[in-house]
Amino acid sequence: MELQTWLKVNNIVYQQEGSIYTIDQKQYYHIHHKQDIIFDSEFNLIISEQELFRMNENNITDVVFYFGSKWYCCDYQNTQLNLLKYLGKSSLYDDTLDCFLGVHGKYELLNGTRDYNDWCKKALFTGYRSLGICEKHTLAGSFTFQKDCLKNNIKPIIGETLTVIKDEYKYDVKLYVINNLGWKNLLKLHHIHNILNHEKPHIIESDLIQYGNDLYVVICTDTDILNIDNQILNLKTHYQLDFCEFISDTKDKERLLNIQQYFQNLQIEPILISDAYYLDSEDYKTKIILNEIGKTGFQNLSKNQYLKHFSEIVDQSQSLFKDDNFFADILSIAINNANKLHSECDFIIKKDQSYLPQYIMNYGELSQFTSNSDLFYSLIEKGFEKKVINKNLDFDKYQQRLSYEIEVLEKGNVIDYFLILSDIICFCKSRGILTGIGRGSAAGSLVAYLLNIVEVDPISYDLLFERFLNPTRLLKGVLPDIDQDVPSKHRGEIIEYIINKYGEDNVVGIGTAQALKLKSLTKDLLKYGGENFQDANK
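Rules used throughout
- Residues numbered from 1 in each chain as written.
- Predicted model: local features only at pLDDT ≥ 70, side-chain atom pairs only at ≥ 80, totals over all residues.
- Heavy atoms only, no water.
- Helix = DSSP H or I, 4+ residues; strand = E, 2+ residues; numbered from the N terminus.
- Buried < 20%, exposed > 50% of the residue type's maximum accessible area, 1.4 Å probe, protein only.
- Contact = heavy atoms within 4.5 Å.
- Areas by Shrake-Rupley, 256 points an atom, 1.4 Å probe, with all protein chains shown as cover.
- Lys, Arg positive; Asp, Glu negative; His and termini not counted.
- Charge placed at Lys NZ, Arg CZ, Asp CG, Glu CD.
- Pairing = 2+ DSSP bridges.
- Axes fitted to C-alpha atoms, helices over the stretch in contact; angles between N-to-C directions.
- 1 Å grid on protein atoms, 1.4 Å probe; cavity = no way out; pocket = protein on both sides within 12 Å on 5 of 7 lines; lining within 4 Å.
- Points joined across faces, edges and corners; volume = space filled by probe spheres on them.
- Nonpolar A, V, L, I, M, F, W, Y, C, P; charged D, E, K, R; others polar.
- Expected span 1.5 Å × (residues − 1).
- Salt bridge = Lys/Arg side-chain N within 4 Å of Asp/Glu carboxyl O.
- Phe/Tyr/Trp six-rings, centres within 6.5 Å; stacked < 30°, edge-to-face > 60°.
- Core = buried A, V, L, I, M, F, W, Y, C linked by side-chain atoms within 4.5 Å.

(A) Molecular detail of the overall build of the protein. What the protein contains, in helices and strands, is 20 helices and 15 strands. Overall, the C-alpha framework of the protein stretches about 85 × 70 × 50 Å when taken along its three principal axes. For the protein, buried positions account for 47% of its 538 residues. Intrachain contacts of the protein at a sequence separation of at least 6 include 68% that bridge at least 24 residues. For the protein, the computed accessible surface area is about 28,900 Å², with 48% contributed by carbon and sulfur atoms. Averaging the locations of the 56 positively and 74 negatively charged side chains of the protein gives two centres separated by 3 Å.

(B) Looking closely at the sheet that holds strand S1 (residues 15–17). With respect to topology, 6 strands assemble into an open sheet ordered S1-S2-S3-S4-S5-S6, the strand pairing being mixed. Every other strand in the sheet has two partners, leaving S1 and strand S6 (82–83) as the edge strands with one partner each. Where strand S3 (residues 26–30) and strand S4 (residues 62–67) come together, 2 bridges link them in parallel fashion. Residue pairing in the sheet places Tyr29 in a bridge with Val63 of S4. Each of strand S2 (20–23), S3 and S4 touches helix H2 (residues 49–57); the most contacted strand, S3, lies at about 165° to it.

(C) Broad picture of empty space enclosed by the protein. Under the defined criterion, the tally for this structure stands at 1 cavity of 30 Å³ or more. Reported here for the largest cavity is a volume of approximately 50 Å³. The wall of the largest cavity is formed by Asp242, Phe243, Cys244, Ser274, Asn304, Lys308, Ile313, Gln316 and Ser317. Residue composition of the lining of the largest cavity, grouped by class: 3 nonpolar, 4 polar and 2 charged.

(D) Region of interest: helix H13 (residues 372–389). An ideal rise of 1.5 Å per residue puts 26 Å on 18 residues; H13 measures up with 24 Å between its terminal C-alpha atoms. Every buried residue of H13 is listed here: Asn372, Leu375, Phe376, Ser378, Ile380, Gly383, Phe384, Lys387 and Val388. Looking at the buried side of H13, the elements it contacts are helix H12 (363–368), helix H14 (395–411), helix H15 (415–430) and helix H16 (446–450).

(E) Broad picture of the pattern of salt bridges. Taken as a whole and assessed by the stated rule, the structure comprises 24 salt bridges. Between Asp242 and Arg255 there is a salt bridge, with its nearest N and O atoms 3.6 Å apart. You can see Asp242 sitting in the loop between strand S14 (237–241) and helix H8 (249–265) and its partner Arg255 sitting in helix H8, a full 13 residues away along the chain. Here Lys501 and Asp423 are joined by a salt bridge, their closest N and O atoms 3.3 Å apart. In this pair, Lys501 sits in helix H18 (residues 491–502) while Asp423 sits in helix H15, placing the two residues 78 residues apart along the sequence. Note on Asp423: relative accessible area 10%, which makes it buried. Here the residues in one salt-bridge network are Asp222, Asp242, Lys251, Glu254 and Arg255, joined through shared partners.

(F) Layout of the packing of aromatic side chains. Considering all chains together, one arrives at 28 aromatic pairs under this definition. Both rings, one in Phe39 and one in Phe65, keep their centres 5.9 Å apart while their planes meet at 85°; by these two values the pair is edge-to-face. Linking Phe39 in the loop between S3 and H2 with Phe65 in strand S4, this pair joins segments that are 26 residues apart in sequence. Each member of the pair Phe39 and Phe65 is classed as buried.

(G) Representation of the nonpolar core. Counting 86 residues, the largest nonpolar core has Leu84, Leu101, Leu131, Tyr176, Leu208, Ile219 and Leu272 as its most contacted members. The residues touching Leu101, leaving out its near neighbours within four places in the chain, are Gly132, Cys134, Ile157, Tyr176, Ile271, Ile273, Ala338 and Leu341. Counting 43 residues, the second largest nonpolar core, distinct from the first, contains Phe376, Val388, Leu469 and Ile482.

Shown next as structure tokens:
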């Protein structure tokens, strides 16, 4: 594809003077390569002396070049494959619609694609002021999505797509967070959906009715609106208008019939949301490959579930309507509702705030101690006497280390954290449940040793407390992290004890949120391409 064609196809506004292209007030030099030899053996761009002379003459350091089937740009002294896209303002730039609310990024595993930073770049390019994430059955990408949006001066709108089951009927809803209470309600619905109903992830309509406040509830387009409980319609509920065209005629007909059913009833107002799983229309094959790698089957294949310009959404929708006036009225309402959601959803997940619960003293402890701090010092004193004084160890050395650690823990307000862990270990030992002796940097804490959380004396082994925790990390909001190994057969028993003592709202399972990594994805792509397992695994 010629450079000018590429720029026009990708809606990039430019000016050209010979081999010099000006894009967004920045000059790029078009490097011409002969015989398709682009890089030298050290991956440096091959540039002729004449081209370098022209670049220096015009004080240009950035170049554009063709590689594979795409155009890239970079500083010629620092070769990188930066795709030549989303620069400046699109030729289709339009700020009529404030937000694009259908983001399905890389954390919707084996279905959504791309870093959120890329979504932000195209959003700015097209004219959107905010992005809404609505990945199916997961909130794993929320923090990263929020961070990347804020970094790019895009307003983040946190949401999720959940499945609702009513008798034998199943449909999806998008839930967008309005405020802090809405976030708590979404977390409750997420917990019901993925934890309590983990064998068949779903919520029921009564869950949505109970926890649907302070959320925008959007009924997805594939839903027969007549099957929805009327109480749900009393929430801040809207119907998603998405006129995406599918490859399957059967799927297309099913969706269009549902939209027709909606227009015949119009019980709730529409909202303009186009689901997007990739950034540009030519990337649709990526979703097909991901679905096949995940063995999820082809999930409603479409070539136009991408981040569209507002004008593209309008053009693709208008052809489905015979009555232009009706279309204009419906579109206006749907746009206004989307813009209203953009204005009302004003929530940011706070990461600099600690939510650690307090230790709950038992009756015996309450009769002896007036505060958790008194209990903490008493347990430390007993541990010090047993593990230091009674063993005739260097009193001053241990006392100095202990004073320093306690000072750091008090500044970080994490005394209760250590009391809770000590209590859990005490429970395990009272039931004859084996616990680990200490793993990772926590073995460097004398306080943890004296409280029986770990069984390793850090001073005897010259272990540093700073590897575990220090004042600088605490000031940055980094909390202590102590791993403890227990037999898997007793895991449920221990969790039950913790829930009973500290309350279900203060206990949560954790996991590592991951997207596809380069190494594993490369193996999967090789196997997808027909390579055998042994070769792909090399």
